[in-house]
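Take a look at the letters that make up each chain.
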Amino acid sequence: MLLDLPRIEAESMVRWLEHHAVIDSTSDRALQLARQTTLVTPALVIANQQTAGRGRGTHGWWSERGGLTFSLILDAGGARATAPSFALPDNWLSAWPKFSLATALAVRAALSDYLPLSEIGIRWPNDIHVAGKKICGVLPEMVEGANDRPARLVLGIGVNVNQSFASATPELQNIGVSLSDFTGQTHDLTELLLKILAELATKLSAAARHDPQLAQQWSDCSLLNGRLVTVQQAEQQLRGPCQGIDAEGALLINVAGQVQRIFGGSVVAVESLAG
């Protein structure tokens with residue numbers, strides 16, 4: 001299903017759009033563009049297919065035709081951002097986990113028009129799962145500011161929509177699912193993209209305002225609550241029962257009787273608690 005590019009430009013917050021039939025990575029391209037002083041934001045790089053899509057760390061992203069793969073560029077420099085602005089505050093570094101989770105909540109809200117909301121969960125910090133399998137990944141990256149432009153945030157988002165995991169490797173079939181596989185229908189990519197962009201405008205603005213309802217939402221839909229979780233941080237591993245996600249977006253793990261607030265790292269194992 002073809003993307004309706006004029007409709008995306010007319011009905012969303014996007015002020016500049018670049019479309020590719022095939023690209024190595026929308027995020028790599030978006031990072032290049034984000035360094036340009038003349039770029040008008042919010043800007044969108046979108047592709048029908050990626051050949052070298054990236055996930056968190058060293059992970060790749062399976063990106064066949066039928067999926068929704070794009071990177072959104074936002075000014076993140078507070079007072080230096082141009083209007084209309086969906087910018088992060090100047091202290092974006094300390095607020096980083098909140099905006100990752102807000103992005104995941106935005107995608108979750110958009111998907112709720114197709115799936116029961118109760119079946120869509122967030123796996124900290126920013127993956128969206130349905131029925132125990134990953135349907136969407138989010139990769140936030142920052143470009144530092146310069147004298148002549150603000151810092152910029154690049155949100156790489158990949159949603160499995162119309163491609164079937166029947167054509168994926170057995171390993172991917174075990175961990176991933178597409179919207180079409182789940183619903184048995186083909187979905188309008190433009191319509192879903194517009195829903196996500198509208199939700200992003202709302203959720204990121206709420207995060208910038210420190211809206212407490214946002215924190216309640218990501219706590220309620222966290223898939224790690226009450227599970228035994230192992231988090232890799234550089235050379236260190238932390239393991240213990242997950243006690244939720246706090247208002248700043250930190251994962252809470254009870255390690256040897258002490259609750260640790262984890263702002264970064266990769267969840268490498270999730271187990272059920274004994275008993």
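Given the structure is predicted, the values throughout are model-derived calculations rather than measurements. Numbering of residues starts from 1 in every chain and runs along the sequence as written. Side-chain atom pairs in this predicted model are given and counted only at pLDDT of 80 or more, local residue features only at pLDDT of at least 70, and totals for whole chains, interfaces and linings cover all residues. Heavy atoms throughout the structure, all of them, feed into the side-chain values; hydrogens and water do not.

1. Re the overall build of the protein
Helices and strands together make up the secondary structure of the protein, namely 7 helices and 14 strands. Residue exposure (1.4 Å probe, protein chains only): buried if accessible area is under 20% of the type maximum, exposed if over 50%, otherwise partly exposed. Classification of the 275 residues of the protein by burial places 51% in the buried group. Pairs at least 24 residues apart make up 64% of the contacts formed inside the protein by residues separated by at least 6 positions. Within the structure as shown, the protein displays about 12,200 Å² of accessible surface, and the carbon and sulfur contribution to it stands at 49%. We count a stretch as a helix when DSSP gives it H or I for four or more residues in a row; a strand needs E for two or more, and each element gets its number in order from the N terminus. Only heavy atoms enter the contact rule, under which two residues are in contact if any of them lie within 4.5 Å. To measure how exposed things are, a 1.4 Å probe is used in the Shrake-Rupley method; for residues, cover is taken only from the protein chains shown.

2. Points about the pairing of strand β13 (residues 258–262)
Any two strands are treated as partners once DSSP identifies two or more bridges connecting them. Relative to β13, strand β12 (residues 251–255) is paired through 5 bridges, and the arrangement is antiparallel. For Leu252, the partnering residue across the bridge sits in β13 and is Arg261. Between β12 and β13, which pair antiparallel one after the other, the connecting turn spans 2 residues, and Ala256 there sits at a positive phi close to 55°.

3. Remarks on the sheet that holds strand β5 (residues 68–75)
With mixed pairing, 7 strands are arranged side by side in an open sheet as β1-β2-β5-β9-β8-β7-β6. Edge positions in the open sheet fall to β1 (16–23) and β6 (120–123), since each of these has one partner strand only. Sheet twist, expressed as the average angle between the axes of neighbouring strands with direction ignored, equals 20°. Sheet analysis places strand β2 (residues 43–50) next to β5, joined by 5 bridges and oriented antiparallel. Paired with Leu44 across the strands is Leu72, a residue of β5. Across the sheet, helix α6 (residues 189–208) lies against β2, β5 and β9 (152–159), angled at about 30° from β5, the strand it touches most. Only C-alpha atoms enter the line fits that serve as axes; for helices the fit covers just the stretch in contact. Angles between N-to-C directions range over 0 to 180 degrees.

4. A few points about helix α7 (residues 212–220)
Within the span of α7, buried status applies to Leu214, Ala215 and Trp218. Down the axis of α7, the buried set is contained in an arc of 100°. They therefore lie on one face. Opposite the buried face of α7, by more than 90 degrees, sit the exposed residues Pro212, Gln213 and Asp220. Whenever two N or O atoms come within 3.5 Å, that pair is a polar contact, provided that in protein one can donate a hydrogen and the other can accept it, and provided that, for residues adjacent in sequence, both atoms are side-chain atoms. Of the residues that open α7, the one with a side-chain oxygen 2.9 Å from the backbone nitrogen of Gln213 is Asp211. Here, the arc refers to the directions that run from the helix axis to the C-beta atoms.

5. What to know about the pattern of salt bridges
Salt bridges, as used here, are contacts in which a Lys or Arg side-chain nitrogen is within 4 Å of a carboxyl oxygen on Asp or Glu. Under the definition given, this model contains 10 salt bridges. For Glu18, the salt bridge goes to Arg29, with nearest N and O atoms at 2.7 Å. Here Arg29 lies in helix α2 (residues 26–34) and Glu18 lies in strand β1, a separation of 11 residues in the sequence. For Glu18, a relative accessible area of 13% translates into the label buried.

6. Concerning the pairing of strand β10 (residues 227–233)
Of the strand pairs in this sheet, β10 and strand β14 (residues 266–272) are connected by 6 bridges, and their pairing is antiparallel. Residue Val231 lies in a different strand from β14, and its bridge partner there is Val267. One ladder, built from 6 bridges, connects β10 with strand β11 (residues 236–245); its direction is antiparallel. For Thr230, the partnering residue across the bridge sits in β11 and is Arg239. Here β10 folds back onto β11, and the loop between the two strands holds 2 residues, one of which, Ala234, carries a positive phi near 55°.

7. Quick notes on the side chain of Thr190
Following the sequence through the fold, Thr190 ends up in helix α6. What Thr190 contacts, discounting residues up to four positions off in sequence, is Leu2, Leu3, Asp4, Arg7 and Ile8.

8. Quick word on the environment of Asp127
Considering the arrangement of structural elements, one finds Asp127 in strand β7 (residues 127–130). The exposure class of Asp127 is buried, given its relative accessible area of 14%. Between the alpha carbons of Asp127 and Val107 there is a distance of 9.6 Å; along the sequence they are 20 residues apart.

9. With respect to α2
Among the residues of α2, those classed as buried are Thr26, Ser27, Ala30, Leu31, Leu33 and Ala34. End-on, the buried residues of α2 take up no more than an arc of 165°, which puts them together on one face. Capping of α2 at its N-terminal end is provided by Ser25; its side-chain oxygen lies 3.3 Å from the backbone amide nitrogen of Ser27.

10. Let's talk about the sheet that holds β13
The strand order across the open sheet formed by 5 strands is β13-β12-β11-β10-β14, and the pairing between neighbours is antiparallel. Pairing within the sheet leaves two strands with one partner each, and these edge strands are β13 and β14. Pairs of neighbouring strands in the sheet enclose a mean axial angle of 40°, with direction left out of account.

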